[in-house]
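Working through the structure, step by step
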Amino acid sequence: METTRSADGTAIAYDRSGDGPPLILVVGAFCDRSAPATLAAVLAQRFTVYAYDRRGRGDSGAGGDGYSPDREVDDLAALLTVAGGSALVFGHSSGAVLALEAAARGLPISKLAAYEPPYIMDGDRSRPVDLAGRVGELISSDRRGAAAKLFLAEGPQMPPEAVAMMESDPSWAHLTAIAHTLPYDLALCGDQRIPDRVAKIAVPTLLLAGAESPAWARNSVAALAAEIPDARVRLLDGQNHAAADDVLAPVLMEFFAS
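Here we summarise the structure given alongside this text. (Residues numbered from 1 in each chain as written. Predicted model: local features only at pLDDT ≥ 70, side-chain atom pairs only at ≥ 80, totals over all residues. Heavy atoms only, no water.)

**Comments concerning the sheet that holds strand β4 (residues 48-52)**
The strand order across the open sheet formed by 8 strands is β1-β2-β4-β3-β5-β6-β7-β8, and the pairing between neighbours is mixed. Each of the sheet's edge strands pairs with one partner strand only, and the pair in question is β1 (2-5) and β8 (231-236). Averaged over neighbouring strand pairs, the angle between their axes works out to 25° when direction is ignored. Here 4 bridges tie strand β3 (residues 22-26) to β4, and the two strands are oriented parallel to one another. When the bridges of β4 are listed, L25 appears paired with A51. Each of β7 (205-210) and β8 is contacted by helix α9 (residues 215-227), which is oriented at about 165° to β7, the strand it contacts most. Relative to the sheet, helix α10 (residues 245-257) contacts β3, β5 (87-92), β6 (109-115), β7 and β8, its axis offset from that of β6 by approximately 155°. (Pairing = 2+ DSSP bridges. Helix = DSSP H or I, 4+ residues; strand = E, 2+ residues; numbered from the N terminus. Axes fitted to C-alpha atoms, helices over the stretch in contact; angles between N-to-C directions. Contact = heavy atoms within 4.5 Å.)

Written as structure tokens, this is what we have:
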């Protein structure tokens, strides 16, 4: 583990592996830098991979003045500096939203790949009302399990039986341990409408979704592709929101190395 400092002085922890062009991995909700470890190991065959703990997770600090999406963009900017001033970037889910926001603001990202950013198109599914506030209240009362279940039920709108399966899995303890960052993901995604500023993204962009994912995920990347000048969509056969490393890694390698 290594650390760097964000603009507000917050320590951001990261792991670095491999040798080659720098590639930063930006994780989504419920994840820290350990989540993409197996993906990073494959990508490290061709790239110098940076997997980092987003603000408030793992070994990274939370900052002392409350959460702001702007500070998360600053954190990614700090990683870009560590990587040599510019880098390839892959973001997953809310991490894809963060990566897209950073690219729209003109951060030195040379190529961007985004997997299923959770934007909602009109008619796809309902937008939850004040989910960030309600999840935050549960976190404040130390009801992390309830907060995680509420997020899953109203955010990605997972069916009750799927949430129950997750709750019975040994990994649930890890998910609840990091549940205090769920309001951060929700604040980052805002009203889950695609912001107009994505049209400012001026780098080659690959928008990915699983062919077996819900329709909202495929519609999200299709709508983004219509807004981002140099973007294309690729659907991964047989995959859902959690794409298998042996399917995802070759696609990322091909895009980033071309």
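**Some remarks on the side chain of S94**
For S94, the location among the structural elements is in helix α3 (residues 94-104). Here R54 takes part through its side chain, which lies 3.2 Å from a polar atom of the side chain of S94. Setting aside its immediate chain neighbours within four residues, S94 contacts V27, G28, A29, R54, P118, D185, L188 and C189. (Polar contact = N/O pair within 3.5 Å; in protein donor to acceptor, adjacent residues only side chain to side chain.)

**Description of helix α5 (residues 144-154)**
Residues of α5 that are buried include every one of A147, A148, L150, F151 and L152, and no others. Buried residues in α5 make contact with α4 (131-140), α6 (160-168), α7 (172-177) and α8 (182-189). (Buried < 20%, exposed > 50% of the residue type's maximum accessible area, 1.4 Å probe, protein only.)

**Considerations on the packing of aromatic side chains**
The final tally for this structure, using the stated rule, is 5 aromatic pairs. Aromatic pair Y67 and Y184: ring centres 4.4 Å apart, planes at 5°, arrangement stacked. Placement of the pair is Y67 in the loop between β4 and α2 (69-82) and Y184 in helix α8, with a sequence separation of 117 residues. Ring-pair connections join several aromatic residues into one group, and the members of that group are F47, F255 and F256. Above the face of the F255 ring, K111 is positioned so that its terminal group lies 5.1 Å from the ring centre. If you follow R125 out to its NZ or CZ, it ends over the ring of W216, 4.3 Å from the centre. (Phe/Tyr/Trp six-rings, centres within 6.5 Å; stacked < 30°, edge-to-face > 60°. Lys NZ or Arg CZ within 6 Å of the ring centre and 35° of its normal.)

**Side note on the pairing of β7**
Counting buried positions over the 6 residues of β7 gives 6, a clear majority of the element. The two faces of β7 match: T205, L207 and A209 on one face and L206, L208 and G210 on the other face are all buried. Bridge count between β6 and β7: 4 bridges; the pairing is parallel. When the bridges of β7 are listed, A113 appears paired with L206. Pairing geometry for β7 and β8, over 6 bridges, is parallel. Within the sheet, the bridge partner assigned to G210 lies in β8 and is L236. Between the parallel pair β7 and β8, the chain is carried across by α9, and the sense of this crossover is right-handed. (Right-handed = clockwise from strand over helix to strand, strands pointing away.)

**Quick notes on unusual backbone geometry**
Backbone geometry places S93, a non-glycine residue, at a positive phi of 60°. With respect to the secondary-structure elements, S93 resides in the loop between β5 and α3. Located in the positive-phi region is D142, a residue other than glycine, with phi close to 60°. Following the sequence through the fold, D142 ends up in the loop between α4 and α5.

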